[in-house]
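Single-letter residue listing:
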Amino acid sequence: MSSPLATADAPFGRVLTAMITPFAPDGSLDLVTAQKVAGYLVDNGNDGLVVSGTTGESPTTNPDEDGRLLTAVLEAVGDRATVVAGVGNNDTQASARLARQAAAEGAHGLLLVSPYYNKPPQAGLVRHFLTVTEAGGETPVMLYDIPGRAGVRIAFDSYLAVAQDERIVAVKDAVGDLPGGCRVMAETGLALYSGDDGLNLPWLACGAAGVVSVVAHVAGRAYADMVAAVDAGDLATARRINRDLLPVVAAIMPPTSQGAIMSKAALQLLGVLEHRTVRSPYVEADDDQVAGLRSVLRSAGFLAAG
């Protein structure tokens, strides 16, 4: 199923949140709250959502839960936002099964991360990407290059090879190599999405299609305004938005925690989540972390004083 917002330059929209997966206090999947979160995000500046990604704690969810979550989010917002299903795994056949399931459920796109921990050679990466893409039928694919988690970076020649498949249309970049990413955009035809909130503005200025953001759980509208400012050539406004968001990025993506943990704490502070339950090996944000986050969100104007 194609996205309602797809364009040639931005095949998955412009501002996508890497959405958390809500859990009940006992750790079970909470689909009612997932639909609430999805609606909140789309109502607040996001034109796309990625479900069952890293921030969705996908290493701890099973394929049945991934399928039910995708269906629930599509039901809630699939007519007004791009819904991308994370299908990445370090087992190619397991990823292929997830891709088939997501395509059958009607996902608008697939997010396919490099196989993590295995550290395959580049030929193995290429085969993995093409095999999983084929399993997803005609569903467009966004690769995800994050060597800090995967242990291996996608080489430029590998991008050239997989870009021959017309279903592979984009990459979420969490490498941080601006010249390398610019070369990928210029020579492969792939759209690039920033996968690092601290680099959203530099990537947009370089011509990225959009962002796949964790901080957009609270700042989706601000990032949409940043995208619009860059499109209009108003870099002064884009720089101001970026400057104002720096403390929020630091609070939600601190080196001592994880985006999923702090995003759930933020949504709880905003009244969107009742519980900030995470699955082990994550642990919930503690009281000191929540207090610090509350202060930052208030200072940034995302949370009322009181």
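Residues numbered from 1 in each chain as written. Predicted model: local features only at pLDDT ≥ 70, side-chain atom pairs only at ≥ 80, totals over all residues. Heavy atoms only, no water.

1. Focus: helix 4 (residues 122–135)
Keep this limit in mind: The secondary structure listing takes helices from DSSP runs of H or I that are at least 4 residues long and strands from runs of E that are at least 2 residues long, numbered from the N terminus. In this scheme, a helix's expected span is set at 1.5 Å multiplied by one less than its residue total. Three exposure classes are used, based on accessible area relative to the maximum for each residue type with a 1.4 Å probe and protein chains only: buried under 20%, partly exposed in between, and exposed over 50%. Every residue pair with non-hydrogen atoms within 4.5 Å of one another is taken to be in contact.
Between the first and last C-alpha of helix 4 there are 20 Å, a value that for 14 residues agrees with the 20 Å anticipated at 1.5 Å per step. Residues of helix 4 that are buried: Leu125, Val126, His128, Phe129, Val132, Thr133 and Ala135. The secondary structure elements touched by the buried residues of helix 4 are helix 3 (92–105), strand 4 (109–113), strand 5 (141–145), helix 6 (156–162) and strand 6 (168–173). Directly beyond the C-terminal end of helix 4, a positive phi value near 65° is found at Gly137.

2. Some points on the packing of aromatic side chains
For the record, the criterion: Any two of the Phe, Tyr and Trp rings considered here, Trp counted by its six-membered ring, make a pair once their centres fall within 6.5 Å; the pair's planes then place it as stacked at under 30 degrees, edge-to-face at over 60, or tilted in between. Two conditions define a charge sitting above a ring: the NZ of Lys or the CZ of Arg must be within 6 Å of the ring centre, and it must be within 35 degrees of the ring normal.
Summed over all chains, the structure comprises 1 aromatic pair. Across the ring face of Tyr144, the terminal group of Lys172 is positioned such that the distance to the ring centre comes to 4.0 Å. Looking at Arg183, its charged tip hangs above the ring of Phe156, at a distance of 3.6 Å from the centre.

3. Quick look at the packing of helix 3 against helix 4
Put simply, the rule reads: For helices, the fitted axis covers only the stretch in contact; all axes are lines through C-alpha atoms, and the angles between them, taken along N-to-C directions, range from 0 to 180 degrees. Any angle that is under 35 degrees is reported as roughly parallel, and any over 145 degrees as roughly antiparallel; angles of 65 to 115 degrees are reported as roughly perpendicular and all others as oblique. Take the far helix as the reference: if the near one is turned anticlockwise from it by less than a right angle, the crossing is left-handed, and if turned clockwise, right-handed. Here the nonpolar group is Ala, Val, Leu, Ile, Met, Phe, Trp, Tyr, Cys and Pro; Asp, Glu, Lys and Arg are the charged ones; every other residue, Gly included, is treated as polar.
Where helix 3 meets helix 4, the closest approach of the two axes is 7 Å, and the angle between their N-to-C directions is 30°. The orientation of helix 3 with respect to helix 4, classified from their angle, is roughly parallel. The two elements helix 3 and helix 4 meet at a crossing, and its hand is right-handed. Side by side, helix 3 and helix 4 meet where Thr92, Gln93, Ser95, Ala96, Ala99 and Arg100 of the first sit next to His128, Thr131, Val132 and Ala135 of the second. Along the lines of polarity and charge, the residues of the contact of helix 3 with helix 4 split into 4 nonpolar, 5 polar and 1 charged.

Honestly, that's just the spatial picture; any functional story needs more than this.
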